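Survey of secondary and tertiary structure
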Amino acid sequence: MLEDDQSQSIMDDESTKLLRFDPKNADGVDASALSSLVGDYSDKQEISVFRLFFLNMFAFNYGLFYASVGVLLLPEEALRMFAEDHAIFLAVMLMLAGISQLISPLAGYCSDRDTHRMGRRLPYILGGNAVLLCMIGCLYLARTFMYGWTYLGLLLVAIVALNVAYTGFTGLISDVIPSSQMGFASGVMGGLTAAGAVLGLVTIGFFLPISSAYPLYAASILVTTPLTWWAAMEQPLEDAREFRWEDVWRAYRISPESHGDFFWVFVSRTFYYMAVSCQIYIMYYLRDTMQADEVSTHARRYTAILCICSQTAAGCTSLVAGGLSDLLGRKALIYLACCGMAGVYLGYCFVHEFQWVLLFGVCYGVSNGVYLACDYALAVECLPSKEDCAKDLALWGIAAFLGTMFGPCITGPLLAWVGEVPGSTHYSIQGYYAVMGVGILYCAGCGLSLVTVRGDRERR
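What this report covers is the structure whose coordinates are included nearby. The structure displayed is predicted, hence computed values, not measured ones.

Here we come to the overall build of the protein chain. The number of helices and strands found in the protein chain is 21 helices and 0 strands. Within the protein chain, the fraction of its 460 residues that count as buried is 59%. Residue pairs in contact within the protein chain that sit at least 24 positions apart in sequence constitute 83% of those at least 6 positions apart. Roughly 18300 Å² of accessible area belongs to the protein chain as shown, and the carbon and sulfur atoms make up 65% of that amount.

The structure is reproduced here in C-alpha cells:
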C-alpha cells in the first residue's frame, strides 16, 4: 500500500498536475484552474439541522450494529459455538470484520464514477443495506443450527455489505455538507452513532436474548435507511468517468508523498482501531477479575451497563466537541482523547470493583466521543482530492481494517498465552494486564501520528 499517486483516469497530464496534491508545493496549485475542472467545493449551501440529523441516521444504524455486535453478540456466539477456543475465535470474528474493509476503496472508486439516476452514493447505501438485511436472516439460521464455520462466512459477507453502504454514506456527507458545518455534522454523526450503540446495548443487554438481536438489527435497517434516502436529495453525476483497473489498484496505495497529511490521519486511525479492539474482551475481563460474584456471574448484563454509560457519555460529548473543534481545531482535542483513553486502560489494571470500572468506562466514553467528533472532520480537511472523496475516504476506512485485524491478532493470542489457566475457560489477571498495556501503546500511537498534520486552522 505504498508510494503511488491516485491519478484521475480521464484527465490529461496537465489537468492531473492541477488536481494532484503536493505537500511540498501546496501554495503552487492554480486555484482557478482547479475550480474550473472540479467545481467550487466551498460554495455548498448550509442545510437545516433537521435535514442534517436525518441524513446522518445511517450512523445510528451503524452504531447499533457495531457496538452491540462487538461487545455482546460475538463474544456470546463465540462462547456458544466454539467453547474451548472462544478467545481465539472471537479474534477470528474481529479479523473477518477487519478484512471486510478491503471492499471499501473499490466501492468508493466505483461510487465516484457512478452515473445512476439516483446519484453517486445512494445506490451503494441502499444496495449494501439490502444485502446486509438478507445476511442477518442467514446468520440467525446458522447460529440456530450451530453451523459455526458457516456463521463465520456469513458474518464476512454481512460486514462487507455494511462497509459498502458505509462507503456511500461517508461520500454522501462529504458531498452535501459545506465546510462551515463539517465540525457540527461530524459531531452529529458521532452522537447518533453513540445513540444507536446505547439502544443496542440496552435492548440486547437487558431486555432481549441474544437470538433476538438479529431481528433488532433488521428493524433498524428498515427504519433508518428511508430517512437517509429522503434527506440525501442527491443529484446524479452527468459526465461518466472511465473505469480503469490500474486506478483501482492505485486506490489501495497510500504514502506521505501521494497523500500528504491524509496519510498520517490514516495511520492515526489505524492505531485508534487497534486500541478500540481491546474493548472486545471487556465481558471476559468482568467475568474473570471482579471480586463480586454478582458481576462475574452476570458479566453480560454488567458489560451492557458499562457500555451504555460509556456510549451515552460519548454521544453527549460528541455533540458538544464537534462544534468546539471548529473553534479550537481538531488535533488538540484528539490528543486529549488519546490521553484519556490511555488513562482508562491504565486504570483498569488496578481496580477490581465494578463501580470503579464504571467510572473509568464513562471517562473512556467522554474521550471516545471527543475523538469521534473530530476524526471524520480532520480526514475531510486533509483529503488530497475533493473529486475522489469517496475513494479516499474509503481508503481512510481501510485503517479500520488494519486496526481491527492487527489489534485482535495481538491481543487475542496475548490474552490466551499470558492469561492461560490450565483446565479452565477463564483467564488470569496477568493476561488482562498485557491487553491493557498494549492498549496504552496503541493510544499513544494514535496521538503521535498526528504531530506533523496541519488541519484547516493551521493551513489558514
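Attention now goes to the pattern of salt bridges. Two side chains of opposite charge can pair, provided their charged atoms sit close to one another. Here the structure, examined in full by the defined rule, presents 7 salt bridges. Arg-121 is the partner of Asp-175 in a salt bridge, and the nearest nitrogen-oxygen pair spans 2.8 Å. Placement of Asp-175 in helix H8 (residues 148-176) and of Arg-121 in the loop between helix H6 (103-113) and helix H7 (122-144) is noted, with a sequence separation of 54 residues between them. A salt bridge links Glu-381 to Arg-330, with the nearest nitrogen and oxygen atoms 2.7 Å apart.

Turning our attention to the packing of helix H14 (residues 282-289) against helix H20 (residues 429-448). Interaxial distance between H14 and H20 falls to 10 Å at its minimum, and their mutual angle equals 145°. The way H14 lies across H20 gives a crossing that is left-handed. The residues of H20 that touch H14, namely those facing Tyr-284, Tyr-285, Asp-288 and Thr-289, are Ile-429, Tyr-432 and Met-436. Looking at the contact of H14 with H20 residue by residue, the class counts come to 5 nonpolar, 1 polar and 1 charged.

Criteria and cut-off values
Residues numbered from 1 in each chain as written. Predicted model: local features only at pLDDT ≥ 70, side-chain atom pairs only at ≥ 80, totals over all residues. Heavy atoms only, no water. Helix = DSSP H or I, 4+ residues; strand = E, 2+ residues; numbered from the N terminus. Buried < 20%, exposed > 50% of the residue type's maximum accessible area, 1.4 Å probe, protein only. Contact = heavy atoms within 4.5 Å. Areas by Shrake-Rupley, 256 points an atom, 1.4 Å probe, with all protein chains shown as cover. Salt bridge = Lys/Arg side-chain N within 4 Å of Asp/Glu carboxyl O. Axes fitted to C-alpha atoms, helices over the stretch in contact; angles between N-to-C directions. Left-handed = near helix turned anticlockwise from the far one by under 90°. Nonpolar A, V, L, I, M, F, W, Y, C, P; charged D, E, K, R; others polar.

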